[in-house]
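Fold and geometry: a report
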Amino acid sequence: MQDNPNKSAGGVRQVAVLGAGAWGTAVAMALAQRHDVMLWGRNPEALQDMARARENTAYLPGHPFPAGLRVAADFDAALAHVAGPDSLLIAACPVAGLRPLLEQLKSRSIPNVVWLCKGFEYGTGLLPHQIVREVLGAGVAGGALSGPSFAQEVAKGLPCALTIASDSAALRDCVVAAVHGGNIRVYSSEDLVGVEVGGAVKNVLAIATGVADGLGLGLNARAALITRGLAEITRLGTALGGHVETFMGLTGMGDLILTCTGDLSRNRRVGLGLAQGKPLDVIVHELGHVAEGVPCSKAVRELAARMGVDMPITNAVAGVLFDGDQPQVMVSRLLARDPRDEKVQR
């Protein structure tokens, strides 16, 4: 990647990343190789530590910030940084924090917003793009930047491929021009629903594979869970209007395989902890990060029930997380299901 922070790409010069967790920081670091990037977070003390150490010691220790990356605890300063036409605003909060963040933005003049979060909002069952439209209205161009990506690897500068999904061709072109290059390859898609559903449900399935791995059920069981998990994603995604081919791509199959098999996966680690008999609150505390699959499993279970979409693996995961079911019971129930055709069906 290029080291000149002042060189623009595709007309983008200023980028603000709102959210200084692991993934937000990693994206900010990658973009700061070519753009003037400001990283904002809610914790002023943590931001001061980052500014002093020139790295995110809490979430990405050992990965120094590039010269083009600045940090700010001042929300107004972060928004002023992207006030011009050649700018890009990136929301890097969890799904649970997206609505509160957007509420802070709705009285401001913002030309676009791209979000990194993956999941359904619990209580409403809304996908991120639906939350954005509900809060900001249809006049703001928006898109989801998603795909198989671990923050630690992006911070190291290792290769990855992402997808920008948006109804706006202009926004897709802007994001591709700004993000694509060096070690990051970016594809574009009009299927915002499909991209978001794939990114959300794969976290739930990663918990299931973590349970199976933790119980020592073997690689055959893992392959079965991943494959049938993809069928669940496709059933729900197409019922919501997503395109079948999207689930065969980066944000479907690609993200699912990475999250279900990678040792850096937070959601897989939740499953491993459950298999060891650890309480959920202990597992989450030990992670020190948000595991989106936990709240998402409950939201997806309720949404699928309302829509009449069969999602047995998701239901089993939610049962372990919230109904007191034992991991071994989850496996037994899945194995005891009646035989059926392999084709994807509701």
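Quick caveat: nothing in here was measured; it's all calculated off a predicted structure.

1. Examining the pattern of salt bridges
Under the defined criterion, the tally for this structure stands at 17 salt bridges. Residue Arg 108 pairs with Asp 76 through a salt bridge whose shortest N-O separation is 2.8 Å. Taken as a pair, Arg 108 in the loop between helix H4 (95-105) and strand S5 (112-115) and Asp 76 in helix H3 (residues 75-81) lie far apart in primary sequence, 32 residues in all. Assessed through its relative accessible area of 45%, Asp 76 is described here as partly exposed.

2. Remarks on the nonpolar core
Core analysis: the largest hydrophobic core is formed by 41 residues, its most contacted members being Phe 120, Val 197, Val 201, Leu 236, Val 270 and Leu 274. Of the residues forming this core, the biggest block, 11 residues, is contributed by helix H8 (residues 192-214). Ignoring any residue separated from it by four or fewer positions in sequence, one finds Val 197 in contact with Phe 120, Leu 127, Ile 233, Leu 236, Gly 237, Leu 240 and Phe 247. Val 37, Leu 39, Ala 92 and Ile 164 belong to the second largest nonpolar core, which has 39 residues in total.

3. Remarks on the packing of aromatic side chains
On inspection of all chains with the given rule, the structure shows 1 aromatic pair. On the basis of an interplanar angle of 70 degrees and a centroid distance of 5.0 Å, the ring pair of Trp 40 and Phe 75 is categorised as edge-to-face. Here Trp 40 is found in strand S2 (residues 36-40), whereas its partner Phe 75 is found in helix H3, with 35 residues between them in sequence. The exposure classification of Trp 40 matches that of Phe 75, with both residues buried. One Lys or Arg, Lys 298, reaches over the ring of Phe 322 and ends 4.2 Å from the middle of that ring.

4. Regarding the packing of H8 against helix H11 (residues 266-275)
Relative orientation of the contacting elements H8 and H11 amounts to 40 degrees, with a least axis distance of 6 Å. Classified by the angle their axes make, H8 and H11 are oblique. In terms of crossing hand, the pair formed by H8 and H11 is right-handed. For the pair formed by H8 and H11, the contact residues are Asn 203, Ala 206, Ile 207, Gly 210, Val 211, Asp 213 and Gly 214 on the first element and Asn 267, Arg 268, Val 270, Gly 271, Leu 272, Leu 274 and Ala 275 on the second. Counted by class, the contact of H8 with H11 contains 7 nonpolar, 5 polar and 2 charged residues.

5. What to know about the sheet that holds strand S1 (residues 14-18)
Read across the open sheet, the 8 strands follow the order S3-S2-S1-S4-S5-S6-S7-S8; overall the sheet is mixed. In the strand order of this sheet, the two ends are held by strand S3 (69-72) and strand S8 (184-189), each with one partner. When the angles between neighbouring strand axes are averaged without regard to direction, this sheet yields 25 degrees. In terms of strand pairing, strand S6 (residues 141-146) meets strand S7 (residues 160-165) through 3 bridges, oriented antiparallel. The partner of Leu 145 across the bridge, within S7, is Ile 164. Sheet strands in contact with helix H7 (residues 169-179) are strand S4 (87-91), S5, S6, S7 and S8, and its direction is about 175 degrees off that of S8. In this fold helix H10 (residues 250-261) packs onto S6, S7 and S8, with an angle of close to 140 degrees to the strand it touches most, S7.

Reading guide: rules and limits
- Residues numbered from 1 in each chain as written.
- Predicted model: local features only at pLDDT ≥ 70, side-chain atom pairs only at ≥ 80, totals over all residues.
- Heavy atoms only, no water.
- Salt bridge = Lys/Arg side-chain N within 4 Å of Asp/Glu carboxyl O.
- Helix = DSSP H or I, 4+ residues; strand = E, 2+ residues; numbered from the N terminus.
- Buried < 20%, exposed > 50% of the residue type's maximum accessible area, 1.4 Å probe, protein only.
- Core = buried A, V, L, I, M, F, W, Y, C linked by side-chain atoms within 4.5 Å.
- Contact = heavy atoms within 4.5 Å.
- Phe/Tyr/Trp six-rings, centres within 6.5 Å; stacked < 30°, edge-to-face > 60°.
- Lys NZ or Arg CZ within 6 Å of the ring centre and 35° of its normal.
- Axes fitted to C-alpha atoms, helices over the stretch in contact; angles between N-to-C directions.
- Parallel < 35°, antiparallel > 145°, perpendicular 65-115°, else oblique.
- Left-handed = near helix turned anticlockwise from the far one by under 90°.
- Nonpolar A, V, L, I, M, F, W, Y, C, P; charged D, E, K, R; others polar.
- Pairing = 2+ DSSP bridges.

Interpretation note: all reported values are geometric properties and have no functional meaning in isolation.
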